[in-house]
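If you want the building blocks of each chain, they are given just below.
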Amino acid sequence: MDEVPSNRLINPKVLSGDPGPPRITPEDARYEDLALRVRNERFEHRPRYFRVPRTTEQVVTAVTEAVRAGDRITIRSGGHSMENSVGEASDGVIIDLSAMNGVYHDPGRRAFVVESGATLGEIYRVLYLTWGVTIPGGWGHSVCVGGHIQGGGYGVLSRSLGSVVDYLFAVEVVVVDADGTARAVIATRDPADPHHELWWAHTGGGGGNFGVVTRYWLRSAVTPGDDPAQLLPPPPATLLTGVRRWTWDGLTRDAFHQLMDNHGRWHQANSSPGCRYAALASRLVVTGRGDQEDGEAVVVAAMIDGGLPDARRMLADYLDEVGDGVGGEQHIGQATPWLYTMMPPVPDGDAHRGAEYDRYKGKAGYLRRGFTRQQIDTVYDYLTSPRAGVELARLWLLAYGGQINAVDPAATALAQRDSVLKAVYIAIWSDAADDAENLDWMRRFYRDVYVETGGVPVPGEVHDGTYINYPDTDLADPAWNTSGVPWHYLYYKDNYERLRRVKRDWDPRDVFRHALSVRPADPPGEPAPTP
């Protein structure tokens with residue numbers, strides 16, 4: 001609700017006389033460490049220089065100097081983007097927010113503050129061990145919240161608690177005015193806040209669009225008092241996990257159809273807000289034939305609140321229903337503490353494979369019901385056939401819906417509020433020489449899954465577009481998107497025009513942009529261009 005004066009923060013990390021954010025050029029020994037801080041080795045993050053601010057004031061300084069010099073600005077928190085939204089401007093500056101990683105309680109706003117460079121792992125640990133609360137964020141411990149929250153983050157608790165943006169109370173953004181002045185603004189969910197629309201744009205509008213987010217304030221929509229332990233929900237004390245597995249040798253085409261149909265029907269029937277199974281999270285992973293040494297084809301991994309009286313029976317029933325008629329090996333473990341389950345210790349030698357990818361291409365789509373017969377056939381054909389240089393090909397079907405779907409699509413920029421699953425497609429390889437061939441394979445795979453709707457998940461009876469935190473520039477390429485539906489509708493649906501107005505009002509110079517950024521709306525009174 002308020003603009004942030006230059007002396008607002010009292011930060012022990014920055015003392016009087018601090019020189020400000022360092023300007024790190026290729027001649028600086030630190031440059032290579034920053035350049036190699038990427039998730040996807042297909043992309044390079046090698047700007048003319050980096051800035052590594054530690055406070056909001058230092059971000060304002062960095063943005064001001066870049067605008068005055070005419071340098072292109074891109075923003076990085078965790079560097080996990082599936083596209084090159086950070087490294088595409090090699091002649092500019094990357095503002096790296098990794099040093100802004102605080103997690104603390106703000107009694108004045110009765111909310112928890114998380115800075116954009118804080119990782120989900122840091123946030124879970126601090127919130128839970130200090131106050132016994134959490135947010136329903138993602139599984140990836142090294143993902144930073146700078147982009148995760150802006151895109152409408154979700155995770156294993158979202159079916160019971162909702163999206164992370166449903167807990168966003170306020171956001172601090174460094175914006176650039178029409179005259180080139182950089183300033184920090186705090187926008188809140190209070191409808192009377194004159195900056196409310198800027199808050200709304202950060203509830204699913206995606207990163208790198210409107211300014212540099214430095215901090216978020218998080219709290220539940222209804223809070224009974226000042227006790228920090230009541231400001232966010234507690235996680236389950238324990239989680240009970242179970243898996244069911246199949247190998248390709250035991251999965252004929254007909255059996256694969258049965259398995260996928262079982263899975264889709266179950267989620268279609270058990271994903272309404274407040275349903276009995278809202279406390280269950282699940283992921284179905286289909287791995288390409290030959291990509292696993294043990295021949296594993298499909299794994300359904302699920303977890304449920306271990307404190308529910310019939311948690312074990314509910315979990316077993318779920319796995320039985322998914323595996324009905326197709327067998328499979330099933331195992332249910334013992335309930336383990338929530339934080340340990342979310343952040344298990346990983347031996348150093350095993351941390352890389354499947355977590356820290358080499359070179360990869362990812363795509364995604366929302367599902368309002370299970371795949372069609374044609375789509376299941378396509379998945380089967382692509383993942384059981386040779387795949388050039390792809391070393392690991394996977395389809396993930398992630399449980400969605402539940403409390404997420406209790407929110408009106410217009411209440412936040414996150415427009416998909418009646419889906420039950422998220423489909424994620426991943427191809428991983430290690431040799432740059434295989435880039436073109438593997439990208440072509442993944443693009444054809446995705447196109448053929450959605451061949452009946454122009455190669456993309458057009459909102460309709462089965463699909464509901466896709467997720468901006470899994471960006472895919474192919475959606476803006478008419479060679480791969482032949483649906484006639486623009487890329488922005490697939491991500492934002494009817495919320496896009498409102499996002500365009502926020503962009504026009506808060507980033508009138510289009511300082512913050514990338515291949516899939518929100519385009520500014522036309523000035524009032526001017527006609528929109530012909531599509």
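Residues numbered from 1 in each chain as written. Predicted model: local features only at pLDDT ≥ 70, side-chain atom pairs only at ≥ 80, totals over all residues. Heavy atoms only, no water.

- The protein chain is annotated in an unreviewed UniProt entry as FAD/FMN-containing dehydrogenase of Actinoalloteichus caeruleus DSM 43889.
- Taken verbatim from the UniProt record of the protein chain, the Sequence similarities (unreviewed entry) comment is "Belongs to the oxygen-dependent FAD-linked oxidoreductase family."
- As its UniProt record puts it under Cofactor (unreviewed entry), the protein chain is described as follows: "FAD". (UniProt positions renumbered as here; feature names shortened; annotations may be inferred.)

## Some details on the nonpolar core
Reasoning step 1: In terms of nonpolar packing, the biggest core is built from 126 residues, with Phe256, Phe371, Leu395 and Tyr425 touching the most fellow members.
Reasoning step 2: Of all the elements, strand 18 (residues 421–429) adds the most residues to this core, at eight residues.
Reasoning step 3: Look past the residues within four positions of Leu395 in its chain and what remains in contact with it is Met260, Leu284, Val285, Val286, Phe371, Val379, Leu383, Ala423, Val424 and Tyr425.
Reasoning step 4: Within the second largest apolar cluster, 20 residues are counted, among which are Tyr49, Met100, Ala182 and Phe512. (Core = buried A, V, L, I, M, F, W, Y, C linked by side-chain atoms within 4.5 Å. Buried < 20%, exposed > 50% of the residue type's maximum accessible area, 1.4 Å probe, protein only. Helix = DSSP H or I, 4+ residues; strand = E, 2+ residues; numbered from the N terminus. Contact = heavy atoms within 4.5 Å.)

## Some remarks on the pattern of salt bridges
Reasoning step 1: Considering all chains together, one arrives at 34 salt bridges under this definition.
Reasoning step 2: We note a salt bridge from Glu32 to Arg46, for which the minimum N-O separation is 2.9 Å. Of this pair, Glu32 sits in helix 1 (residues 30–35) while Arg46 sits in the loop between helix 1 and strand 3 (49–51); the two residues are 14 residues apart in sequence, bridging distant segments of the chain.
Reasoning step 3: On the accessibility criterion, Glu32 (37% relative accessible area) is partly exposed.
Reasoning step 4: Two residues, Lys363 and Asp472, come together in a salt bridge whose shortest N-O distance is 2.7 Å. Linking Lys363 in strand 16 (residues 359–367) with Asp472 in the loop between helix 11 (435–449) and helix 12 (487–492), this pair joins segments that are 109 residues apart in sequence. (Salt bridge = Lys/Arg side-chain N within 4 Å of Asp/Glu carboxyl O.)

## Quick notes on helix 10 (residues 373–383)
Reasoning step 1: Listed in full, the buried residues belonging to helix 10 are Gln375, Ile376, Thr378, Val379, Tyr380, Tyr382 and Leu383.
Reasoning step 2: In this structure, the buried residues of helix 10 make contact with helix 7 (253–269), strand 12 (280–287), strand 17 (392–399) and helix 11.

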